[in-house]
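# Topology and contacts: notes
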Amino acid sequence: MLFAHDTECSLVAAAALVNTGGSDGEGLPDVAALDEFFVAHAYSGRHEHTDAELEAVRELRPRLRRLWHADTDEIVAIVNGLLRENDALPQLITHDDEPYHLHAVPRDAPLAVRMAVEAAMAMADLVRSGELSRLRICDHPECDNVLVDLSKNRSRRFCDAGCGNRAAVTAYRARKAAARR
């Protein structure tokens, strides 16, 4: 593990949230999809299951996407803004059989607020440790998904949407075609 467990989980969840608004269409088309996302990324606390909550989560995506494209100073400004706007006050807590970890807003805060603050706290860890290079855009030319490279050797190039497999198949076909010539 490169970072604290909660940092890694928050980074992965932030990237997944950003990717729900990618060029492949709406990844959070309805409240049921948000419910699945909530469970898949082990969020806890308040979840209203409403269209208003869904819209608030969707509105967060462009701001988080900007973190993958910005320089350090802009990332810091975004992170500080998210923390300040949401009255973040980091505290160590434990719940659901999880070890102690940081929460910076109460568990009954709106879901979009918790998502924003958790992403901001995780990004703050990346900034502090000089690891912003782990924020990447998928290398597949037809994909604009973001990813977080948590590998030890910093070798992850593709998102989880099958882009690595598509790139490998394309390279394989190109090698076979070249060998036939």
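Residues numbered from 1 in each chain as written. Predicted model: local features only at pLDDT ≥ 70, side-chain atom pairs only at ≥ 80, totals over all residues. Heavy atoms only, no water.

## Re the overall build of the protein chain
Tallying secondary structure elements over the protein chain gives six helices and four strands in all. For the protein chain, the N- to C-terminal ordering of α and β elements is α-α-α-α-β-β-α-β-β-α. When the 181 residues of the protein chain are sorted by exposure, 40% land in the buried category. At a minimum sequence separation of 6, the contacts of the protein chain that also span at least 24 residues come to 51%. Carbon and sulfur atoms make up 52% of the accessible area of the protein chain, which totals about 10100 Å². Taking the average location of the 22 positive side-chain charges in the protein chain and that of its 29 negative ones, the two points are 12 Å from each other. (Helix = DSSP H or I, 4+ residues; strand = E, 2+ residues; numbered from the N terminus. Buried < 20%, exposed > 50% of the residue type's maximum accessible area, 1.4 Å probe, protein only. Contact = heavy atoms within 4.5 Å. Areas by Shrake-Rupley, 256 points an atom, 1.4 Å probe, with all protein chains shown as cover. Lys, Arg positive; Asp, Glu negative; His and termini not counted. Charge placed at Lys NZ, Arg CZ, Asp CG, Glu CD.)

## A closer look at the layout of surface pockets
By volume, the largest pocket amounts to about 550 Å³. When residues of the lining of the largest pocket are traced back to their parent elements, those giving at least two are helix H1 (5-19), strand S2 (101-103) and helix H5 (111-128). Class assignment for the residues of the lining of the largest pocket results in 13 nonpolar, eight polar and five charged. Estimated volume of the second largest pocket: approximately 290 Å³. As for the second largest pocket, its lining consists of 16 residues, of which Val12, Ala15, Ala16, Asn19 and Asp160 are closest to the centre. Those elements that place two or more of their residues in the lining of the second largest pocket are H1 and strand S4 (146-148). Of the residues forming the lining of the second largest pocket, the biggest block, five residues, is contributed by H1. Its residues assigned to classes, the lining of the second largest pocket shows 10 nonpolar, four polar and two charged. (1 Å grid on protein atoms, 1.4 Å probe; cavity = no way out; pocket = protein on both sides within 12 Å on 5 of 7 lines; lining within 4 Å. Points joined across faces, edges and corners; volume = space filled by probe spheres on them. Nonpolar A, V, L, I, M, F, W, Y, C, P; charged D, E, K, R; others polar.)

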